[in-house]
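# Examining the three-dimensional arrangement
This is what each chain is made of:
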Amino acid sequence: GAPATGDLGILITGCQAHETSADVIPGGDKSRACGAMSNALQAAVEEHAKAHPGVPITNRQLVAAIRSKLGASGYAQNPCLECAAAKADTPFLVQAAA
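Residues numbered from 1 in each chain as written. Predicted model: local features only at pLDDT ≥ 70, side-chain atom pairs only at ≥ 80, totals over all residues. Heavy atoms only, no water.

## So, the pattern of salt bridges
Evaluated as defined, the whole model comprises 2 salt bridges. The salt bridge involving Glu47 is made with Lys69; its shortest N-O contact spans 2.7 Å. With Glu47 in helix α1 (residues 36–51) and Lys69 in helix α2 (residues 59–72), this pair connects stretches of sequence that are 22 residues apart. For Glu47, a relative accessible area of 44% translates into the label partly exposed. A salt bridge links Arg60 to Asp89; the shortest N-O distance between them is 2.8 Å. With Arg60 in helix α2 and Asp89 in the segment after α3 (85–88), the pair connects residues that are 29 residues apart, well separated along the chain. We classify Arg60 as partly exposed; its relative accessible area is 44%. (Salt bridge = Lys/Arg side-chain N within 4 Å of Asp/Glu carboxyl O. Helix = DSSP H or I, 4+ residues; strand = E, 2+ residues; numbered from the N terminus. Buried < 20%, exposed > 50% of the residue type's maximum accessible area, 1.4 Å probe, protein only.)

## What to know about the nonpolar core
Ile12, Met37, Leu41, Leu62, Ile66, Leu70 and Phe92 are the most contacted members of the largest nonpolar core, which totals 14 residues. Listed by contribution, the elements that provide at least two residues to this core are α1 and α2. Here this core gets 6 residues from one element, more than from any other, and that element is α1. Apart from residues lying up to four places away in sequence, Met37 is in contact with Ile12, Thr13, Gly14, Ile66, Leu70, Gln77 and Pro79. (Core = buried A, V, L, I, M, F, W, Y, C linked by side-chain atoms within 4.5 Å. Contact = heavy atoms within 4.5 Å.)

## Some details on α1
Between the first and last C-alpha of α1 there are 22 Å, a value that for 16 residues agrees with the 22 Å anticipated at 1.5 Å per step. Every buried residue of α1 is listed here: Ala36, Met37, Ala40, Leu41, Ala44, Val45, His48 and Ala49. In this fold, the buried residues of α1 make contact with β1 (10–12), β2 (23–24), β3 (34–35) and α2. (Expected span 1.5 Å × (residues − 1).)

## Quick notes on the packing of α1 against α2
The contact between α1 and α2 brings their axes to 9 Å, and the two run at 120°. Of the possible angle classes, the one that applies to α1 and α2 is oblique. When you trace α1 past α2, the crossing you get is right-handed. Residues Ala36, Met37, Ala40, Leu41, Ala43, Ala44, Val45, Glu47 and His48 of α1 touch α2, and the partners they reach there are Gln61, Leu62, Ala65, Ile66, Lys69 and Leu70. Across the contact of α1 with α2, the residue classes tally to 11 nonpolar, 2 polar and 2 charged. (Axes fitted to C-alpha atoms, helices over the stretch in contact; angles between N-to-C directions. Parallel < 35°, antiparallel > 145°, perpendicular 65-115°, else oblique. Left-handed = near helix turned anticlockwise from the far one by under 90°. Nonpolar A, V, L, I, M, F, W, Y, C, P; charged D, E, K, R; others polar.)

What follows is the structure in C-alpha cells.
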C-alpha cells in the first residue's frame, strides 16, 4: 500500500533528547520499579478522573500534569508531546474510572 501521509501519530516522550529518563521504585519495592514518567502519567490520569469525573484529560493537560509531578518530585526531566497541533487537545487514549 501507499505510505501514510500527514501527521497521524501522538508521542509522549519521557524526556527531551539531551536529558535522561529516570526510574522510580514506588514504596521502595523493587518489583514495582518503572519509569518516573510512566509513574507520573498513571497518577495524573487517576487524579484527573477523580477531580473531573466524566471529563477526559487531553494530551496537552496530561503532559503538563506529568511535568508538574516530576518537577515536584525533584526529577530533572521534561516530557514532551509530539503531535499535530490539532491533536494536542484531543483526549488521551486511556481514561481512568473516577
